[in-house]
Structures are given as C-alpha cells and as structure tokens.
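Residue strings, one per chain:
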Amino acid sequence: MILTILMVLGAGIFRLAASEFHWWNIAPLAAISLIGGMYLGRRFALWVPLAVLVLTDLILNVRMGYSVIYWPRAFDYGAFLLIGLLGLWAREKKLGVKIGAALATPFLFFLISNFAVWLFGLNLANAPYAKTFSGLAECYTAGLPFLRGTVIGDWAFMAVFAVTAVLIRRTSVEQRPTLASEVRA
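1. With respect to a nonpolar patch on the surface
A cluster of nonpolar residues, Val54, Leu55, Leu58, Ile59, Val62, Val68 and Ile69, forms a patch on the protein surface that exposes about 610 Å² of accessible area. When you line up the elements, Leu55 lands in helix H3 (residues 47-63).

2. Topic: the layout of surface pockets
A water-sized probe, rolled over the atoms, reveals where empty space remains. Estimated volume of the largest pocket: approximately 1400 Å³. Contributing to the lining of the largest pocket are 39 residues, with Asn25, Arg73, Asp76, Val117 and Phe146 lying nearest its centre. If you list the elements that add at least two residues to the lining of the largest pocket, you get helix H1 (2-20), helix H2 (29-39), H3, helix H4 (74-90), helix H5 (95-120) and helix H6 (133-184). Class assignment for the residues of the lining of the largest pocket results in 25 nonpolar, nine polar and five charged.

3. Comments concerning the confidence of the model for the protein
Caution applies to low-pLDDT regions: their predicted coordinates should not be interpreted in detail. The pLDDT averaged across the protein works out to 83; a share of 87% of its residues lies at or above 70. By mean pLDDT, the top-scoring element of the protein is H5 (95), and the lowest-scoring one is H1 (73). Between residues 179-185, whose pLDDT stays under 50, and residues either more than four places distant or in other chains, the model counts zero contacts.

4. Observations concerning the packing of aromatic side chains
For the coordinates displayed, the defined rule picks out seven aromatic pairs. Ring geometry for Phe107 and Trp155: centres 6.4 Å apart, planes at 65°, overall edge-to-face. Taken as a pair, Phe107 in helix H5 and Trp155 in helix H6 lie far apart in primary sequence, 48 residues in all. When its relative accessible area of 35% is taken as the criterion, Trp155 is described as partly exposed. Ring geometry for Phe115 and Trp118: centres 5.3 Å apart, planes at 50°, overall tilted. With Phe115 and Trp118 both in helix H5 and three residues apart, the pair spans about one turn of that helix. Overall, the relative accessible area of 31% leaves Phe115 in the partly exposed class. A relative accessible area of 11% places Trp118 in the buried class. Over the aromatic face of Trp118 sits the side chain of Lys131, whose NZ or CZ is 5.9 Å from the ring centroid.

5. Quick notes on the environment of Tyr39
The residue Tyr39 is located in helix H2 in this model. What makes Tyr39 buried here is its relative accessible area of 15%. Residues Tyr39 and Val166, 127 residues apart in the sequence, show an inter-C-alpha distance of 8.4 Å.

Definitions and limits used
- Residues numbered from 1 in each chain as written.
- Predicted model: local features only at pLDDT ≥ 70, side-chain atom pairs only at ≥ 80, totals over all residues.
- Heavy atoms only, no water.
- Patch = residues over 30% accessible without salt bridge, like charges linked within 9 Å, V, L, I, M, F, W, Y side chains within 5 Å.
- Areas by Shrake-Rupley, 256 points an atom, 1.4 Å probe, with all protein chains shown as cover.
- Salt bridge = Lys/Arg side-chain N within 4 Å of Asp/Glu carboxyl O.
- Helix = DSSP H or I, 4+ residues; strand = E, 2+ residues; numbered from the N terminus.
- 1 Å grid on protein atoms, 1.4 Å probe; cavity = no way out; pocket = protein on both sides within 12 Å on 5 of 7 lines; lining within 4 Å.
- Points joined across faces, edges and corners; volume = space filled by probe spheres on them.
- Nonpolar A, V, L, I, M, F, W, Y, C, P; charged D, E, K, R; others polar.
- pLDDT = per-residue confidence, 0-100.
- Contact = heavy atoms within 4.5 Å.
- Phe/Tyr/Trp six-rings, centres within 6.5 Å; stacked < 30°, edge-to-face > 60°.
- Buried < 20%, exposed > 50% of the residue type's maximum accessible area, 1.4 Å probe, protein only.
- Lys NZ or Arg CZ within 6 Å of the ring centre and 35° of its normal.

See the structure below:
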C-alpha cells in the first residue's frame, strides 16, 4: 500500500510540475503502468495508473485550454492499459523479461500514441495528416523529437519505482518474523 501511495503522489505531482517546466513527454505514467503491473497488488495494478492519468488530464486539459475530456486520448489510455497488462504478464517472469518489457515500453507507447495523432491530430503545418502510409510516416517522423523525452522519463521512473518496490518488499519481509515473534511474546 505504501508503494501505491508513493507512486500515485509522485506521478501526479511530477506530471503537473513537468507541464509547468515544459518537460514534454518526461512523465512517470508508462513507468507506473508497467511497474504497477509487476509489483502492485493485482486489484491496484491497472486502475491506479489510469486514475493518475485521468486526474492529471482533467487539470492539464483545463490549464491548456482544451475541453475537460479529450476523447482521442482514449488511445493513450489504451496504451497505458496495455503496458499495465504487459507488467502483469511479466510479474512472475525472470529479470531479463522484465527488463525487456521496460526497454520496449516507451516504443510501444510511441507507436500507439502517434497512430492516434495521425488519425485525429494536425501536422506541423496545422493541417490534418494525410490518411496514407506517407501521412503516417510523416506523423511518426514528426513525433521522433518527443520520443527522447519519453525514453528518458519512462526508463528513469521505472528504475526509481522498481527499486522502491523491491526495497519495500524486502523491508516488509525482513520485519515479518520480528512482528510475529512480538505477537507471540
């Protein structure tokens, strides 16, 4: 439960602060989705990351002058849900599989989110992308500068959240025998 609270507070605060400093795409959301799937209790693993996303989106959308609910973001929500499911799948796997999932996460999000931009968004000339393969390629190319921030944010936050999760688990396992002996005394 401590990890859940730390992840939620940290993710929410950082996401809101990052928008103020224009640290575009450096965010803890994919990290909280993947690590949440791996380490949070099964009933928290998928909804906690989505709750952080919904709550911070409500604030950010209003702050940036968008409608409170921007329905094309459903693709991003779906991407984070998929990343959470990847974390659940990797939960009982070996460390190498978990690291592979972490390495793949920013690229998975990039592919899904930029596909949505191609479908619903505008290009750099403020015109809709052509619904052709070249329009899709143009969209992915235009999104490449944002991939750097996504990779940095995802991998850094995954490392922080994973280390925190492991330390909390080790601490709670080490304290169980002590607590059990105190109860018997």
